[in-house]
Structures are given as C-alpha cells and as structure tokens.
Amino acid sequence: MHFSSCSLIVICLASVSAAAPATTAASPTATDVADVDAAQATAKTESPTSHVKGKAFDRYVSIWFENTDYDMAAADPNFAFFAKKGITLENLFAITHPSEPNYMAVAGGDNFGLDGDIFTQVPENISTVVDLLEDKRISWAMYEEDMPYTGYQGFSWVNQNNGANDYPERLTKIKNTTMFFEDPKANKLPQWMFITPNMTSDGHDTSVTVAGEWLKGFLTPLLDDPRFMQNTLVIITFDESETYTIQIVFYDHYSEISTVEANWGLHTLGR
Ligand SMILES: *[C@@H]1O[C@H](CO)[C@@H](O)[C@H](O)[C@H]1NC(C)=O
Ligand SMILES: *[C@@H]1O[C@H](CO)[C@@H](O)[C@H](O)[C@H]1NC(C)=O
Ligand SMILES: *[C@@H]1O[C@H](CO)[C@@H](O)[C@H](O)[C@H]1NC(C)=O
C-alpha cells in the first residue's frame with residue numbers, strides 16, 4: 001500500500017460475485033406501503049462519531065458493487081479513473097457465490113455455511129466486526145441506498161419484517177444513503193462505514209457502466225471534501241464476479257476485517 005498525507009484510496013477489483021436475491025418479491029400492497037410510511041415517521045437514526053487513531057488510517061469506507069468480472073471493471077473508464085488514484089488489488093477474490101454469503105463474510109468473518117440468497121437473520125449472539133469496533137469505541141454506520149427507513153430489516157420492501165427488532169440500538173446506525181448526505185453537514189460521519197448502492201447503481205440489474213457512473217458521481221466530490229477525507233481509506237470492490245468459474249487465489253473479503261483489526265488493534269472474531 002502507499003499513502004498520501006490525508007488520504008489513501010485502495011481500489012480492489014474482486015474477481016468472484018452474484019445474483020440478485022431470488023426475486024420472490026411481489027409488488028407492494030397498500031398495507032405494506034402504509035407500514036413503511038408509518039415506520040419512516042418514527043424510525044430513530046443515530047450518528048455517533050469517534051476519533052480513535054488508527055495505525056494506517058483513521059476512517060474506513062467500503063463501497064460494494066455487484067456481479068462484475070475483473071476485466072469488465074478494469075476496462076470501465078470510471079472505475080479506471082479511481083484505480084489511477086489508488087492501488088489495484090488484482091488478487092482480491094470473493095468468498096463464494098452468490099451474493100448473500102459474501103455480505104455475511106465481510107461482516108462476520110464467515111459465511112456460516114450459507115450458499116444462497118434466502119432471507120436470513122443471523123442470531124444476535126453471533127459476533128461481527130461491529131462487536132470488535134464497539135469494543136474499541138470506534139463509530140460505525142451502514143448506508144444503504146433507497147432503504148426505506150433506518151433500521152429496516154425486511155428482505156425487500158414487500159416482505160418487511162414487522163416483528164421485534166433484534167438489535168434496536170444498532171439498527172439506528174443502519175440507515176439509507178439519504179442520511180449519508182445529512183451526516184457530513186453536522187460533521188457526523190463515523191470512522192467505519194459500509195456503503196451499498198441499490199441494485200440499479202451497483203450494476204447488479206444494470207451494467208458496470210452504470211455502476212461506474214454512479215461511483216463517479218458519488219465519490220468524486222467526496223474526495224475533495226475535508227469532512228469525508230480524514231485520513232480515509234476507501235475500498236471499492238464487487239461482491240463477486242459475474243463469471244462463477246473464475247478461480248480463487250488471494251486477498252478475499254475476510255481481508256477487510258483483518259485490515260480493520262490490524263489498524264485499530266481490535267480483537268479477532270476467532271473464525
Ligand atoms: C447462541 O444462542 C443459541 C440459542 O440460545 C445457542 O444455541 C448458541 O450456541 C449460541 N451461540 C453462541 C455463539 O453463543
Ligand atoms: C431514509 O431514512 C429516513 C430515516 O428513517 C427516512 O425518514 C427517509 O424517509 C428515508 N428516505 C428514503 C428516500 O427512503
Ligand atoms: C437507485 O438509485 C439511483 C440513484 O442513485 C436512482 O436513479 C435509481 O432509480 C434507483 N433505482 C431504483 C430501482 O430505485
């Protein structure tokens with residue numbers, strides 16, 4: 001890795017990636033929309049901050065796109081633009097196919113045997129990178145484009161789960177990208193963030209060209225924004241390649257957890 005004084009950008013083009021969740025979602029019913037509207041009105045959002053010095057960076061931002069082979073990403077002018085600003089990890093691979101176990105892996109350090117995209121809730125007593133961060137009082141948040149409200153736990157807009165929340169306090173930090181644009185205004189960005197564009201913007205339902213254009217529009221202004229660039233490491237990657245037969249060698253999604261552990265001296269998940 002190489003560093004500049006105020007920022008470090010690492011572009012990782014993963015070579016393995018995914019299918020959309022099995023599209024079991026029907027169109028939203030009026031009741032579902034009403035429930036979502038009601039929840040939007042009361043959803044609690046929190047934006048804690050912290051200033052824990054890291055060995056190599058003080059802020060960690062991971063942006064995940066979907067289902068694109070390395071060659072396609074490398075050839076896209078917008079991804080190439082950001083690759084020139086940082087370094088490219090040519091040997092970064094996903095854990096498996098399809099998408100969901102890869103998202104499990106980057107947070108949990110394991111895919112827990114999951115091999116599909118079904119609606120799954122990991123039990124509350126399973127530790128993740130968030131436990132390691134909170135242990136060292138490092139602020140974190142997830143920003144999910146078009147998530148209808150903070151803490152939304154449904155599989156989709158339609159199949160939302162109205163039951164009891166498993167992680168009430170943590171849910172206040174799992175918010176939509178609308179909030180990403182609000183938080184810097186109050187200097188409220190956390191030290192660790194995971195950013196998920198929607199299925200249009202991340203290339204899953206579109207193409208690497210659409211993903212690249214979204215990234216250009218999203219990231220370019222941020223790179224000149226001192227509220228975002230505070231010794232910030234930006235990782236740009238894909239959850240998996242489009243071609244399932246590409247072989248796996250090595251960095252992988254577990255390397256994201258290792259990076260954060262090494263930087264802030266966190267404990268390990270032991271997996
Ligand atoms: C989590 O809780 C379940 C149900 O009580 C239990 O079976 C399981 O062993 C627990 N796992 C861990 C890692 O503590
Ligand atoms: C984003 O989440 C906030 C907080 O729950 C909610 O008020 C807002 O309506 C959501 N925005 C969109 C575009 O869904
Ligand atoms: C995804 O977000 C983009 C803006 O980033 C928007 O143009 C697009 O319509 C959204 N896709 C869906 C399916 O809502």
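Below is a summary of the structure that appears in this document. Here the structure is a predicted model, which means the values were calculated and not measured. (Residues numbered from 1 in each chain as written. Chains lettered and ligands numbered in written order. Predicted model: local features only at pLDDT ≥ 70, side-chain atom pairs only at ≥ 80, totals over all residues. Heavy atoms only, no water.)

## Quick look at the nonpolar core
Here's step 1: In this structure, Ile-63, Phe-65, Phe-180, Leu-215, Leu-219 and Phe-228 are the most contacted members of the largest nonpolar core, which totals 25 residues.
Here's step 2: Put simply, the parts of the chain that give this core at least two residues each are strand S2 (59-65), helix H3 (77-85), strand S5 (140-144), strand S7 (192-196), helix H8 (208-223) and strand S8 (232-238).
Here's step 3: With eight residues, H8 is the largest single contributor of residues to this core.
Here's step 4: Membership of the second largest hydrophobic core comes to 20 residues, among which are Phe-57, Tyr-60, Trp-192 and Ile-257. (Core = buried A, V, L, I, M, F, W, Y, C linked by side-chain atoms within 4.5 Å. Buried < 20%, exposed > 50% of the residue type's maximum accessible area, 1.4 Å probe, protein only. Helix = DSSP H or I, 4+ residues; strand = E, 2+ residues; numbered from the N terminus.)

## Side note on the site of ligand 2
Here's step 1: All residues adjacent to ligand 2 are Gln-40, Ala-43, Thr-45, Met-147, Pro-148, Tyr-149, Thr-150, Asn-176, Thr-178 and Met-179.
Here's step 2: Here Thr-150 contributes a backbone N or O atom positioned 2.9 Å from an oxygen atom of ligand 2. (Near = heavy atom within 4 Å. Polar contact = N/O pair within 3.5 Å; in protein donor to acceptor, adjacent residues only side chain to side chain.)

## Focus: the pattern of salt bridges
Here's step 1: Applying the stated criterion across every chain yields a total of eight salt bridges.
Here's step 2: Of the charged contacts in the structure, one is a salt bridge between Asp-58 and Lys-53, with a shortest N-O distance of 2.7 Å.
Here's step 3: Under the relative-accessibility criterion, Asp-58 is labelled buried at 13%.
Here's step 4: Residue class for Lys-53 comes out exposed when judged on its relative accessible area of 64%.
Here's step 5: Salt-bridge contacts for Arg-227 lead to Asp-225; the nearest nitrogen and oxygen are separated by 2.9 Å. (Salt bridge = Lys/Arg side-chain N within 4 Å of Asp/Glu carboxyl O.)

## With respect to the environment of Ser-62
Here's step 1: Inspection of the secondary structure puts Ser-62 in strand S2.
Here's step 2: For the pair Ser-62 and Thr-237, spaced 175 residues apart in sequence, the C-alpha to C-alpha distance is 7.7 Å.
Here's step 3: With near-sequence residues (within four places) excluded, Ser-62 lies in contact with Met-193, Phe-194, Ile-195, Ile-235 and Glu-256.
Here's step 4: A polar contact of 3.2 Å, which involves the side chain of Ser-62, links it to the side chain of Trp-64. (Contact = heavy atoms within 4.5 Å.)

## What to know about the pairing of S8
Here's step 1: The buried fraction of S8 is high, at seven of seven residues.
Here's step 2: Burial along S8 is two-sided: Thr-232, Val-234, Ile-236 and Phe-238 and Leu-233, Ile-235 and Thr-237, pointing in opposite directions, are all buried.

## Focus on the site of ligand 3
Here's step 1: The full set of residues close to ligand 3 is Glu-145, Asp-146, Asn-198, Thr-200, Ser-201 and Trp-214.
Here's step 2: Interatomic distance of 3.4 Å between a side-chain N/O atom of Asp-146 and an oxygen atom of ligand 3.
Here's step 3: At a separation of 2.4 Å, an oxygen atom of ligand 3 approaches a polar side-chain atom of Asn-198.
Here's step 4: Bound to the protein, ligand 3 loses 40% of the 360 Å² it would expose on its own. (Areas by Shrake-Rupley, 256 points an atom, 1.4 Å probe, with all protein chains shown as cover.)

## Looking at helix H4 (residues 99-108)
Here's step 1: Burial analysis of H4 places eight of its 10 residues in the buried class, the great majority of the element.
Here's step 2: Among the residues of H4, Ser-99, Glu-100, Pro-101, Asn-102, Met-104, Ala-105, Val-106 and Gly-108 are the ones counted as buried.
Here's step 3: The secondary structure elements touched by the buried residues of H4 are S2, helix H5 (129-135), S7 and helix H9 (254-264).
Here's step 4: At the exit of H4 stands Gly-109, carrying a positive phi of roughly 70°.

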